[in-house]
Amino acid sequence: MSSENSLLVVGGGPAGVTAALQARELGARVTLLEAGQVGGTSLNRGPAPVRTLARAARLARDWSSWATFGLDGPRPVPNLPAVIANSERVARYAHDKKDMAGHLRQHGIDLVEDLGPVGFTDPHTLAADGARSWTADRIILAVGGHAGRLRIPGADLALTYEDLPSLASLPRRVAVVGGADTGCQIASIFDDFGVAVSLFEAGPILVPAADASVSAELVRAFRARDIDCHTDTLVEALGADGGAIRVDYRSGPESSHMIADAVFFAVGWPANITHLSLQAAGVHATPGTIPVDDYLRTNVEHIFAAGDVNGRSMLVQSARMEGRTAATNAVLGPSRHATYDVVPSGSFTDPEYGRVGLTEAQANQEHEVIVGIARYDDLIRPVADGRPDGFCKLIVDRRAHTILGAHVLGEYSAEIVQTVAACMAAKMSIEQVAELQLAYPTFTEAVCMAAQKICRSLGIGRFPQVWSYLGAGD
């Protein structure tokens, strides 16, 4: 690869695929190198198959509400191999039905898959197996990350979410180490399948990046379902105990242990940089990320880093934006900044939650805020569906009337928060959001309800109190 305006993209996940397609759109000659199969973690092992697992778990959970709807029948028994096989259906669909690899090649991208690790031999060249090599004017590193592991005795006994497909049967007792998004998702899936779950988080709350109201309600919901939640707790060692695993942990000065049939680590997502030989290119890196500037350039001007590898936003939607941004800047020169102002995200825990923008604590640091909360049990649809536990919380600048953040907990929350994100991106005022005529009866009505509550508190819009809005929060 030696022509002018040549680009080498390393990594075929969302950031790499988007970068390659964008660069071709801009006229560059593009080669895309992928260690395994194009699609990356998000499609092959991450959100898509895990969401399919979560769906199966929710269906098993819903048995407990059958009687409410006048339905009789025995509790479904999970057939784990069949459940796992179905979770892999989504990845196969993208590869077999959508032909992702063929799509890339059809657009003129030189796609090379199943390479294994590649590494720099000089600032413009990467090689695989010490034999094949590729050279380009510009390079985008989009190699993603991997599940981290605690450095404790017996750590090799633990699994990660990537090992879920390897399970032949459901364990009776599971310990999940790490109470952020991934850990809470794993805990939810196993609990919905009827497994006894213990969840360990080193910090004081679950999902520390979430709004405090979401964290508090999530741990309450987990404990109500008998998930054994341990916060401010350090797991110090794992050890074999017959056919099981002993988990030694400490909460403050008190040490204790439990016995589990399986232990899952969900303790971070460091970048896949071990084999890149970054020193040969002069690229600076921390142990877990490759730092970049606002143009997604590394310290070496012609080398960019997009997606999980730069540690900025571990989300597929951000990876795609970064792929477009890095490709544009690599091909046309630095002109476009990566932006993260409105990035909605959802976690397929049970209960599910979604978020966008600032938490209430973050907003209070620089704004005078007003908060409106619409509870699910004040809406018809959640009650009709038998899922009345949840809320939609809007955080608004009191003076500018702009939405600073939204946090939703409960059924369909990851979908509901998208509506708020669209309103934020359109720079709608809270009174404009309150005037939206959203379909009835839906969960998304909670957005208008919360907005109207804020407007009533601000004394704007003269919105009346209708019967379904007369909850405890009024």
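Residues numbered from 1 in each chain as written. Predicted model: local features only at pLDDT ≥ 70, side-chain atom pairs only at ≥ 80, totals over all residues. Heavy atoms only, no water.

Undergrad: Before we go on, may I ask you to explain the packing of aromatic side chains in this structure?
TA: Following the criterion strictly, the structure yields five aromatic pairs and no others. For the ring pair Tyr161 and Trp269, a centre distance of 6.0 Å and an interplane angle of 40° mean the geometry is tilted. Residue Tyr161 is found in the loop between strand E7 (138-141) and strand E8 (173-177), and its partner Trp269 is found in the loop between strand E14 (262-265) and strand E15 (303-305); the two are separated by 108 residues along the sequence. A relative accessible area of 10% places Tyr161 in the buried class. Ring plane angle 65° and centroid distance 5.3 Å describe the contact between Tyr376 and Phe443, whose orientation is recorded as edge-to-face. Remark: Phe443 occurs in the loop between helix H13 (430-434) and helix H14 (445-458) and Tyr376 occurs in the loop between strand E18 (369-375) and helix H11 (380-384); sequence separation between them is 67 residues. Taken individually, Tyr376 and Phe443 each receive the classification buried, so the pair is uniform in this respect. (Phe/Tyr/Trp six-rings, centres within 6.5 Å; stacked < 30°, edge-to-face > 60°. Helix = DSSP H or I, 4+ residues; strand = E, 2+ residues; numbered from the N terminus. Buried < 20%, exposed > 50% of the residue type's maximum accessible area, 1.4 Å probe, protein only.)

Undergrad: Looking at this model, I keep getting lost on helix H7 (residues 181-192). Mind explaining?
TA: In an α-helix there are 3.6 residues to a turn, and that puts residues three or four apart on one side. Taking 1.5 Å of rise per residue, 12 residues should cover 16 Å, and H7 covers 16 Å from first to last C-alpha, within 8% of that figure. For H7, the tally of buried residues reaches 10 of 12 residues, placing the bulk of the element in the interior. For H7, the set of buried residues is Gly183, Cys184, Gln185, Ile186, Ala187, Ser188, Ile189, Phe190, Asp191 and Asp192. (Expected span 1.5 Å × (residues − 1).)

Undergrad: I'm lost on the sheet that holds E7 in this one. Help?
TA: Paired through backbone hydrogen bonds, the strands of a sheet run either parallel or antiparallel to each other. Pairing is parallel across the open sheet formed by five strands, whose spatial order is E3-E2-E1-E7-E15. The open sheet is flanked by strand E3 (110-112) and E15, the only strands paired with a single partner. If you compare each strand with its neighbour and ignore which way they point, the axes differ by 15° on average. Of the pairings in the sheet, the one linking strand E1 (residues 6-10) to strand E2 (residues 29-33) comprises five bridges and is parallel in character. Bridging from a neighbouring strand, Val9 pairs with Leu32 of E2. Along the sheet face, helix H1 (residues 14-25) touches E1, E2 and E7 and points at about 165° away from the line of E2. Lying over the sheet, helix H9 (residues 316-332) contacts E1, E7 and E15, oriented at roughly 170° with respect to E7. (Pairing = 2+ DSSP bridges. Axes fitted to C-alpha atoms, helices over the stretch in contact; angles between N-to-C directions. Contact = heavy atoms within 4.5 Å.)

Undergrad: How should I be thinking about empty space enclosed by the protein in this particular structure?
TA: A water-sized probe rolled over the atoms picks out the places where empty space is left. Considering all chains together, one arrives at two cavities of 30 Å³ or more under this definition. Lining the largest cavity, in full, are Leu53, Leu80, Ile84, Leu164, Leu167, Leu170, Ile189, Phe190 and Phe193. At the level of elements, helix H4 (80-87) and H7 are the ones that each hand at least two residues to the lining of the largest cavity. Each residue belonging to the lining of the largest cavity can be placed in one class, and the counts come to nine nonpolar, no polar and no charged. (1 Å grid on protein atoms, 1.4 Å probe; cavity = no way out; pocket = protein on both sides within 12 Å on 5 of 7 lines; lining within 4 Å. Points joined across faces, edges and corners; volume = space filled by probe spheres on them. Nonpolar A, V, L, I, M, F, W, Y, C, P; charged D, E, K, R; others polar.)

Undergrad: How do you make sense of the sheet that holds strand E17 (residues 353-357) when you look at a structure like this?
TA: Spatially, the five strands line up as an open sheet ordered E16-E17-E20-E19-E18, and their pairing is antiparallel. Of all strands in the sheet, those bounded by a partner on one side alone are strand E16 (345-347) and E18. Going across the sheet, the axis of each strand differs from the next one's by a mean of 15°, ignoring polarity. Pairing between strand E19 (residues 391-397) and strand E20 (residues 403-409): six bridges, direction antiparallel. Paired with Ile395 across the strands is Gly405, a residue of E20.

Undergrad: Quick question: what am I supposed to make of the packing of H1 against H9 here?
TA: Helices that pack against each other are described as a pair by the angle of their axes relative to one another and the distance between those axes. Interaxial distance between H1 and H9 falls to 7 Å at its minimum, and their mutual angle equals 35°. Of the two elements, H1 crosses H9, and the hand of that crossing is right-handed. Taking contact as the criterion, the partners of Pro14, Ala15, Thr18, Ala19, Gln22 and Ala23 in H1 are, on H9, Val316, Ala319, Arg320, Gly323, Arg324, Ala327, Thr328 and Val331. Its residues assigned to classes, the contact of H1 with H9 comprises eight nonpolar, four polar and two charged. (Left-handed = near helix turned anticlockwise from the far one by under 90°.)

Undergrad: What exactly am I supposed to notice about the pairing of strand E11 (residues 233-241) here?
TA: One face of the sheet, then the other: side chains in a regular strand alternate in exactly this way. The pairing of E11 with strand E12 (residues 244-251) spans eight bridges and is antiparallel. Following the sheet pairing, Ala237 is matched in E12 by Asp248. Where E11 hands over to E12, the hairpin turn is made up of two residues, of which Gly242 adopts a positive phi near 65°.

Undergrad: Which parts of the structure should I look at to understand the nonpolar core?
TA: The tendency in soluble globular proteins is for nonpolar side chains to be buried side by side. Core analysis: the biggest nonpolar cluster contains 53 residues, and Ile140, Leu141 and Ile290 have the highest contact counts within it. Sort the elements by how many residues they give to this core and H9 lands first, with six residues. Each residue touching Leu141, except ones within four places of it in the same chain, is listed here: Val10, Phe120, Leu276, Leu278, Ile290, Ile303, Phe304, Ala305, Ala306 and Val309. Core analysis: the second largest hydrophobic core is formed by 37 residues, Leu53, Ala56, Val207 and Phe264 among them. (Core = buried A, V, L, I, M, F, W, Y, C linked by side-chain atoms within 4.5 Å.)

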